[in-house]
Amino acid sequence: MNGRIKNDMNTLDAINALAEGVPISLNILAELVQNSNDDRWLLDLVTLDSFSIYGKDIFKLYKDCCESDIINLIDTIAHIRVGMFPSQKIKQNLNLETPVPLVDKVVSKKFSWNQEKTVPSTLLCSKEYQDVILMSFNKRLNEALSPSGKKPSQPGSEE
């Protein structure tokens, strides 16, 4: 593994490696570990490491992309883990002053997903779901990156 998490690390070491000394990121990762179902938190940490999401980017992912909601963060990481978003697009988004959400909750609701719970694996594996979520994200990201100054559409807005 080329990431920062090594086989001989304990949970605290892994969290410290990912947080890069950013105190708020330490808190977010600790909350993620506390709120994950069973041992999914380990997959979540490895996913962040695999996609090189560290330090301030963890904070931006949580605050801007997930509306400071830990369950939303856990679900967003699950979407990243299954390869729904290309690494380059994630980095482009996190490099924006205000990143756009990766997962559009309004679009997700069209798939009968009760957002009080984490996203079901069967939905994550659905090609139709993946296509709709990625298309929605790409639209908002492209608007945010456009030089025209057009403000990105809000998640769930239909044009």
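Predicted model, so just to flag it, every value in this text is computed and none were measured.

K.L.:
How would you sum up the overall build of the protein? Please name residues and give values.
P.N.:
When helices and strands are counted, the protein shows 9 helices and 0 strands. Moving toward the C terminus, one meets the helices and strands of the protein in the order α-α-α-α-α-α-α-α-α. Burial statistics for the protein: of 159 residues in total, 45% are counted as buried. Across the protein, contacts joining residues at least 24 apart in sequence account for 67% of those joining residues at least 6 apart. Counting only carbon and sulfur atoms, one obtains 52% of the accessible surface of the protein, whose full area is about 8,400 Å².

K.L.:
Pulling in residues and values, what's your account of the packing of helix H6 (residues 87-94) against helix H9 (residues 127-145)?
P.N.:
In contact at an axis separation of 11 Å, H6 and H9 are set at 45° when each is read in the N-to-C sense. Considering the angle they form, H6 stands oblique to H9. For the crossing formed where H6 meets H9, the hand is left-handed. Together, Lys89, Gln92 and Asn93 of H6 and Phe137, Asn138, Leu141, Asn142 and Leu145 of H9 make up the contact between the two elements. When the residues that make up the contact of H6 with H9 are grouped by side-chain class, the tally is 3 nonpolar, 4 polar and 1 charged.

K.L.:
Tell me about the packing of aromatic side chains, and please be specific about residues and values.
P.N.:
The full count for this structure, using the stated rule, is 1 aromatic pair. Taking 5.1 Å as the distance between ring centres and 70° as the angle between the ring planes, the aromatic pair formed by Phe85 and Phe137 counts as edge-to-face. With a gap of 52 residues between them, Phe85 in the loop between helix H5 (70-81) and H6 and Phe137 in helix H9 connect regions that are remote in the sequence. Note on accessibility: Phe85 and Phe137 belong to one class, buried. Positioned above the aromatic ring of Tyr54 is the side chain of Arg4, whose terminal nitrogen or guanidinium carbon lies 3.6 Å from the ring centre.

K.L.:
Tell me about helix H1 (residues 11-19), and please be specific about residues and values.
P.N.:
For H1, the set of buried residues is Ala14, Ile15, Ala17, Leu18 and Ala19. Those residues of H1 that are buried are in contact with helix H2 (23-35), helix H3 (40-50) and helix H4 (55-65). Near the N-terminus of H1, the side chain that reaches the backbone nitrogen of Leu12, with its oxygen 3.1 Å away, is that of Asn10. Just past H1, the residue Glu20 takes up positive phi, approximately 55°.

K.L.:
So what's going on with the confidence of the model for the protein? Which residues, and what values?
P.N.:
Low pLDDT marks stretches whose predicted atomic positions should not be read closely. In the predicted model, the protein carries a mean pLDDT of 87, and the fraction of residues at 70 or more is 88%. Across the protein, the secondary-structure element scoring lowest on mean pLDDT is helix H7 (residues 105-109), at 73, and the one scoring highest is H4, at 97.

K.L.:
Could you give an account of the pattern of salt bridges, with specific residues and numbers?
P.N.:
By the definition in use, this model includes 8 salt bridges. A salt bridge links Asp64 to Lys63; its shortest N-O distance comes to 3.2 Å. A relative accessible area of 16% places Asp64 in the buried class. Assessed through its relative accessible area of 41%, Lys63 is described here as partly exposed.

K.L.:
Describe the environment of Leu102, naming the residues involved and giving the relevant values.
P.N.:
Tracing the backbone shows Leu102 in the loop between H6 and H7. You can call Leu102 buried: its relative accessible area is 1%. C-alpha of Leu102 to C-alpha of Asn138: the two residues are 36 residues apart in sequence and 8.7 Å apart in space. With near-sequence residues (within four places) excluded, Leu102 lies in contact with Leu61, Cys65, Thr76, Ile80, Phe85, Ile90, Asn93, Ile133, Phe137 and Arg140.

What counts, and where the lines are drawn
Within each chain, residues carry numbers counting from 1 in the order of the written sequence. Per-residue local features of the predicted model are confined to residues with pLDDT of at least 70, and side-chain atom pairs are confined, for both listing and counting, to 80 or more; whole-chain, interface and lining totals are unaffected and use all residues. Side-chain numbers here rest on the full set of heavy atoms in the structure, without hydrogens or water. Secondary structure follows DSSP: runs of H or I at least 4 residues long count as helices, runs of E at least 2 residues long count as strands, and numbering of each begins at the N terminus. Only protein chains enter the area calculation, which uses a 1.4 Å probe; residues under 20% of their type maximum are buried, those over 50% are exposed, and those in between are partly exposed. Between two residues, a contact is recorded if the distance between any of their heavy atoms is within 4.5 Å. Per-residue and other accessible areas were derived by the Shrake-Rupley procedure at a 1.4 Å probe size, with only the shown protein chains allowed to occlude residues. Note on method: axes are straight lines fitted to C-alpha atoms, helices fitted across the in-contact stretch only, with angles between N-to-C directions ranging 0 to 180 degrees. Throughout this description, any angle smaller than 35 degrees is read as roughly parallel, any larger than 145 degrees as roughly antiparallel, any in the 65 to 115 degree range as roughly perpendicular, and the remainder as oblique. Handedness of a crossing is defined here by the sense of rotation of the near helix relative to the far one, left-handed for an anticlockwise turn of less than a right angle and right-handed for a clockwise turn. Under the scheme applied, nonpolar residues are Ala, Val, Leu, Ile, Met, Phe, Trp, Tyr, Cys and Pro; charged residues are Asp, Glu, Lys and Arg; polar residues are all the others, including Gly. Centre distance within 6.5 Å is the pairing criterion for rings of Phe, Tyr and Trp, where only the six-membered ring of Trp is used; planes under 30 degrees apart are then read as stacked, over 60 as edge-to-face, and the remainder as tilted. In this scheme, Lys NZ or Arg CZ marks a charge over a ring once it lies within 6 Å of the ring centre and within 35 degrees of the ring normal. Pairs of N or O atoms are called polar contacts if they sit within 3.5 Å, as long as, within protein, a hydrogen donor faces a hydrogen acceptor (for residues adjacent in sequence, only side-chain-to-side-chain pairs). pLDDT gives the predictor's per-residue confidence on a scale running from 0 to 100. In what follows, salt bridge is the name for a side-chain nitrogen of Lys or Arg lying within 4 Å of a carboxyl oxygen of Asp or Glu.

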